[in-house]
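Residue-level structure breakdown
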Amino acid sequence: MTAALVRAAGDLASEMAGLDLRGRIRLVEDRIPGRLVFTTSLGIEDQALTHALALNKGRTEIVTLDTGRLFPETYDVWAETEAAYGIRIRAYAPERVAEEEFVAREGINGFRHSVAARQACCGFRKVEPLGRALDGAAAWFTGLRAGQSANRADTPLAEADEGRGLIKVNPLADWTRAQIDAFVRENFIPYNALHDRGFPSIGCAPCTRAVKVGEDERAGRWWWEQESKKECGLHLHRPEADVAPGQEAAAFEEPASAATSREQRRELV
Ligand code: SF4
């Protein structure tokens with residue numbers, strides 16, 4: 001099974017290389033029987049992919065992971081995209097009990113206490129819903145690009161996801177950010193307004209900041225952590241079970257305004 005999956009992914013990647021985006025999607029839909037799922041984060045790469053999928057009118061389901069902590073701008077572009085293409089993007093939400101227990105235990109922003117706490121939050125808000133979204137899927141489309149970060153530099157067009165028993169398809173793996181921007185502009189594709197405000201990569205609101213000139217595209221994600229740990233668990237090649245509570249979490253720097261307000265409150269007591 002595993003060897004066959006690896007071989008099938010390798011063959012698919014080779015064939016995809018010579019095709020344009022819509023051709024790559026069509027090839028996958030022709031070659032892989034069964035359920036096909038695209039998980040969109042509604043970021044700019046995923047908007048390009050949604051555009052191509054919608055125009056192809058194929059059989060790939062478009063879903064998203066609604067963590068409950070997304071930016072208002074992300075919900076706006078979600079609604080705008082559904083209206084523009086006449087589609088529905090199915091949402092997978094965190095399990096209520098898991099969310100309630102995490103917030104009771106760690107606090108509403110408890111993911112900043114340690115890498116382990118952050119991964120636990122990503123676990124119930126993203127990884128577990130992803131498992132449900134991909135249940136029974138034969139292929140999983142993503143908008144990953146090799147140029148997004150050092151962690152993603154070896155992203156292929158298609159790969160075997162042996163843990164999930166499916167083929168992970170990354171049709172934009174060899175695209176540059178400049179190509180994505182041009183494609184979105186030329187095709188009038190709706191995109192998140194935050195991309196124009198210094199956010200090349202957009203995740204949950206409390207865990208994403210704008211990047212500075214010259215920084216890695218994903219430098220604004222979990223910026224208080226070490227670069228090597230900065231994945232949410234959706235696209236890990238290996239599980240990160242070796243991170244102990246408190247390990248590798250640099251001090252989270254809260255906004256100066258929050259600290260000032262706290263000092264002012266103390267003076268009032
Ligand atoms: S990105 Fe932040 S808020 Fe979102 S699931 Fe991960 S830790 Fe939680």
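Placed above this text is the structure.
Every value quoted in this text rests on a predicted model; they were computed, and no experiment measured them.

As for the site of the ligand
Close contacts around the ligand come from 13 residues, with Cys-121, Cys-122, Arg-125, Cys-204 and Cys-207 the closest. Its residues placed into classes, the shell around the ligand shows 7 nonpolar, 2 polar and 4 charged.

What to know about the pairing of strand β2 (residues 61-65)
Among the 5 residues that make up β2, 4 are buried, leaving the element largely enclosed by the rest of the structure. Strand direction decides the pairing type here: strand β1 (residues 35-40) and β2, joined by 4 bridges, are parallel. The partner of Phe-38 across the bridge, within β2, is Ile-62. Note on the crossover from β1 through helix α3 (residues 44-56) to β2: the handedness is right-handed. Here β2 runs beside strand β3 (residues 90-92); their pairing, made up of 3 bridges, is parallel. In the strand pairing of β3, Thr-64 is matched with Ala-91. In this view, the connection linking β2 to its parallel neighbour β3 by way of helix α4 (residues 72-85) has right-handed handedness.

Considering the nonpolar core
Ranked by internal contacts, the top residues of the largest apolar core, which has 37 residues, are Val-37, Ala-139, Trp-140, Phe-141 and Ile-167. At 5 residues, α3 tops the list of elements feeding residues into this core. With near-sequence residues (within four places) excluded, Phe-141 lies in contact with Leu-36, Val-37, Phe-38, Leu-49, Thr-60, Val-169 and Pro-171.

Concerning the environment of Val-115
Among the secondary structure elements, Val-115 is positioned in helix α6 (residues 115-133). Taking the C-alpha atoms as reference points, Val-115 and Trp-222, 107 residues apart in sequence, are found 9.5 Å from one another.

Comments concerning the packing of α3 against helix α7 (residues 177-186)
Packing of α3 against α7 leaves a shortest axis separation of 10 Å and a crossing angle of 50 degrees. By the angle class used here, α3 and α7 are oblique. For the pair α3 and α7, the sense of crossing is left-handed. Judged by residue contacts, Ile-44, Glu-45, Gln-47 and Ala-48 of α3 engage Ile-180, Phe-183 and Val-184 from α7. Residues belonging to the contact of α3 with α7 are distributed by class as follows: 5 nonpolar, 1 polar and 1 charged.

A word on the pairing of strand β4 (residues 137-141)
The two faces of a sheet get side chains in turn, since along a regular strand they alternate between them. Extensive coverage of β4 is indicated by the burial of 4 of its 5 residues. Here β1 pairs with β4 via 4 bridges, running parallel. Counted as the bridge partner of Val-37 is Trp-140 from β4. Across 3 bridges, β4 lies against strand β6 (residues 166-169) in parallel orientation. For Ala-139, the partnering residue across the bridge sits in β6 and is Ile-167.

So, the packing of helix α1 (residues 2-16) against helix α2 (residues 21-31)
A pair of packed helices can be characterised by two numbers: the angle between their axes and the separation between those axes. Relative to each other, α1 and α2 sit at 145 degrees, their axes nearing to 10 Å. Where α1 crosses over α2, the handedness of that crossing is right-handed. Along its contact with α1, which presents Leu-12, Glu-15 and Met-16, the element α2 presents Arg-24, Leu-27, Val-28 and Arg-31.

What to know about unusual backbone geometry
You will see that Leu-42, though not glycine, has its phi angle at about 70 degrees, which is positive. In this structure, Leu-42 sits in the loop between β1 and α3. If you check the backbone angles, Trp-222 has positive phi at about 45 degrees while not being a glycine. As for its placement among the helices and strands, Trp-222 is situated in the loop between α7 and α8 (256-268).

What to know about α3
With 13 residues, α3 should reach 18 Å at 1.5 Å per residue; the first-to-last C-alpha distance of 19 Å fits that figure. Buried residues dominate α3, accounting for 10 of its 13 residues. If you follow the buried residues of α3, they end up packed against α2, β1, β2, α4, β4 and α7. Lys-57, located one to two residues past α3, shows a positive phi value of around 50 degrees.

Calculation notes
- Residues numbered from 1 in each chain as written.
- Predicted model: local features only at pLDDT ≥ 70, side-chain atom pairs only at ≥ 80, totals over all residues.
- Near = placed C-beta within 6 Å.
- Nonpolar A, V, L, I, M, F, W, Y, C, P; charged D, E, K, R; others polar.
- Buried ≥ 20, exposed ≤ 12 C-beta atoms within 10 Å, placed from the backbone.
- Helix = DSSP H or I, 4+ residues; strand = E, 2+ residues; numbered from the N terminus.
- Pairing = 2+ DSSP bridges.
- Right-handed = clockwise from strand over helix to strand, strands pointing away.
- Core = buried A, V, L, I, M, F, W, Y, C linked by C-beta atoms within 7 Å.
- Contact = placed C-beta atoms within 7 Å.
- Axes fitted to C-alpha atoms, helices over the stretch in contact; angles between N-to-C directions.
- Parallel < 35°, antiparallel > 145°, perpendicular 65-115°, else oblique.
- Left-handed = near helix turned anticlockwise from the far one by under 90°.
- Expected span 1.5 Å × (residues − 1).

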